[in-house]
Amino acid sequence: MPICHLVTGGAGFIGSNLVHTILRSQDTRVVVLDRLTYAGNLDNLAPVANDPRFTFVHGDICDRDLVRSLLLTHKPRFVFNLAAESHVDRSIDGPGEFVRTNVVGTFEMLDAARHFWSALQGEERERFRFIHVSTDEVYGSLGPEGFFTEQTKYAPNSPYAASKAGADHLARAWFHTFGLPSVTTNCSNNYGPYQFPEKLIPLVTLNALEGKPLPVYGDGKNVRDWLFVQDHCDALLLVARQGLPGETYNIGGHNERTTLQIVESICDVLDELRPPSSVPALHERGLTSYRTLITHVADRPGHDRRYAIDPEKISSQLGWSPTTRFDSGIRATVSWYLENRSWCERIHQGVYRRERLGLAGASS
Ligand SMILES: NC(=O)c1ccc[n+]([C@@H]2O[C@H](COP(=O)([O-])OP(=O)(O)OC[C@H]3O[C@@H](n4cnc5c(N)ncnc54)[C@H](O)[C@@H]3O)[C@@H](O)[C@H]2O)c1
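Residues numbered from 1 in each chain as written. Predicted model: local features only at pLDDT ≥ 70, side-chain atom pairs only at ≥ 80, totals over all residues. Heavy atoms only, no water.

1. Quick look at helix 4 (residues 95-118)
Then, number 1: In this model, helix 4 (24 residues) spans 34 Å end to end at C-alpha, consistent with the 34 Å of a helix rising 1.5 Å per residue.
Then, number 2: Roughly 25° is the biggest bend found in helix 4, and it falls at G105. (Helix = DSSP H or I, 4+ residues; strand = E, 2+ residues; numbered from the N terminus. Expected span 1.5 Å × (residues − 1). Bend = angle between axes of the 7 residues up to and from the residue.)

What follows is the structure in structure tokens.
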């Protein structure tokens, strides 16, 4: 009997990469529950759409009856909770939706899972896991030294981070109070294929190809730890199979870069793969390198300065370490956006136009 995985948010960036990864194993089934917000995209699931082991359900994690009936119908061994509002800038403009999906939605998922798991017996009960997928942003901002560990105290600064922190606390409480075998993961910034182009790497890649300014917030020296999405998906599957209930695992790549370094890396890959001289609109303007498009813009209100993960626990206890070096990961990512322009264009036919978001909180 194939093992059923329920993935919420499976039409988003990480969720769709996770679904592809799961279905590469033979003895698996996947049910995706996704509300298809602006960030959810069925194109991301096109490679598996005709796989008989794949089921897509259009719905909301806040819909109690739907979530409960899905669990009873499909009887998953693993629930991966990725559905979320995920963009910090949008959480500044409209925090309410973040509280609804990230906090209330996670509560509904946890409580439905508790009822489902409580009625299981034997091996099914033993092996069931609820994997709550979270972020390193819950820990707040670091100074120039040090790393986030699983012991770092929560200090979320953006509405997004606060809503994820609230959800993490619920997952913890559902383990301690009700015994639900939940495991929480806190991961650093992901990059890779299928990321919605409001996020830094696809945004910069697509703007560059059109000769548009490449926006860098503030001085560009904010540091993030960047992890290739495939490494994150592999870690999530490992945590599901071997992680201990009630534990949290930090996932990161020891790959700290400033925003400016990331943007420069993208420009350098593009200079090589798609030189400005080969793009008529850029050639006409006499552009010799994409780096000349870099433009510093107003900083994000409350912008955390540095995040960095210490992945020692998942590495020593579960044997995980990232396999993709940044140089090859960024090259593969930029190449993917170059080769999948129709995917990008279909998104632009929707409502998103790569406009600046998240200045609502700035003092004028
Ligand atoms: N992207 C990162 O760098 C990163 C890093 C660490 C953790 N995370 C976490 O990983 C998860 C996935 O992130 P992502 O970047 O893939 O996000 P994303 O924005 O690309 O995708 C989110 C998905 O959730 C769906 N969704 C939103 N609200 C929903 C609801 N109420 N019910 C059902 N589905 C809903 C959307 O339609 C979309 O498909 C999130 O929980 C995020 O907090 C992301």
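So much for the structure itself; the text now carries on.
2. Let's talk about the layout of surface pockets
Then, number 1: In this model, the second largest pocket occupies a volume close to 330 Å³.
Then, number 2: For the second largest pocket, the lining is made up of 18 residues, of which E150, Y154, R172, G246 and T248 are closest to its centre.
Then, number 3: Looking at the lining of the second largest pocket element by element, the count peaks at six residues for helix 6 (residues 159-178).
Then, number 4: Across the lining of the second largest pocket, the residue classes break down as five nonpolar, nine polar and four charged. (1 Å grid on protein atoms, 1.4 Å probe; cavity = no way out; pocket = protein on both sides within 12 Å on 5 of 7 lines; lining within 4 Å. Points joined across faces, edges and corners; volume = space filled by probe spheres on them. Nonpolar A, V, L, I, M, F, W, Y, C, P; charged D, E, K, R; others polar.)

3. Description of the nonpolar core
Then, number 1: The biggest cluster of nonpolar side chains holds 35 residues, and the ones touching the most others in it are V7, L18, V19 and F80.
Then, number 2: The greatest single-element share of this core, amounting to eight residues, is contributed by helix 8 (residues 229-242).
Then, number 3: If near-sequence neighbours (up to four positions away) are discounted, L18 is found in contact with V7, F80, L82, C233, L236 and L237.
Then, number 4: Core analysis: the second largest hydrophobic core is formed by 27 residues, Y191, V204, I330 and L338 among them. (Core = buried A, V, L, I, M, F, W, Y, C linked by side-chain atoms within 4.5 Å. Buried < 20%, exposed > 50% of the residue type's maximum accessible area, 1.4 Å probe, protein only. Contact = heavy atoms within 4.5 Å.)

4. Quick notes on empty space enclosed by the protein
If a probe as big as a water molecule is rolled over the atoms, it shows which places are left empty.
Then, number 1: Counted by the stated rule, this structure contains one cavity of 30 Å³ or more.
Then, number 2: Reported here for the largest cavity is a volume of approximately 30 Å³.
Then, number 3: As for the largest cavity, its lining consists of G12, F13, A39, N41, N44, Y194, F196, W343 and I347.
Then, number 4: Partitioned by chemical class, the residues of the lining of the largest cavity number six nonpolar, three polar and no charged.

5. Digging into the pairing of strand 4 (residues 78-81)
Then, number 1: Burial along strand 4 is two-sided: the residues F78 and F80 and V79 and N81 are all buried.
Then, number 2: Pairing of strand 1 (residues 3-8) with strand 4, which is carried by four bridges, proceeds in the parallel orientation. Along strand 4, the bridge assignment pairs V7 with F80.
Then, number 3: Sheet topology places strand 4 next to strand 5 (residues 129-135); four bridges connect them, and they run parallel. Bridge assignment links F78 to a residue of strand 5, and that residue is R129. (Pairing = 2+ DSSP bridges.)

Take it as geometry only, folks, not as evidence of what the structure does.
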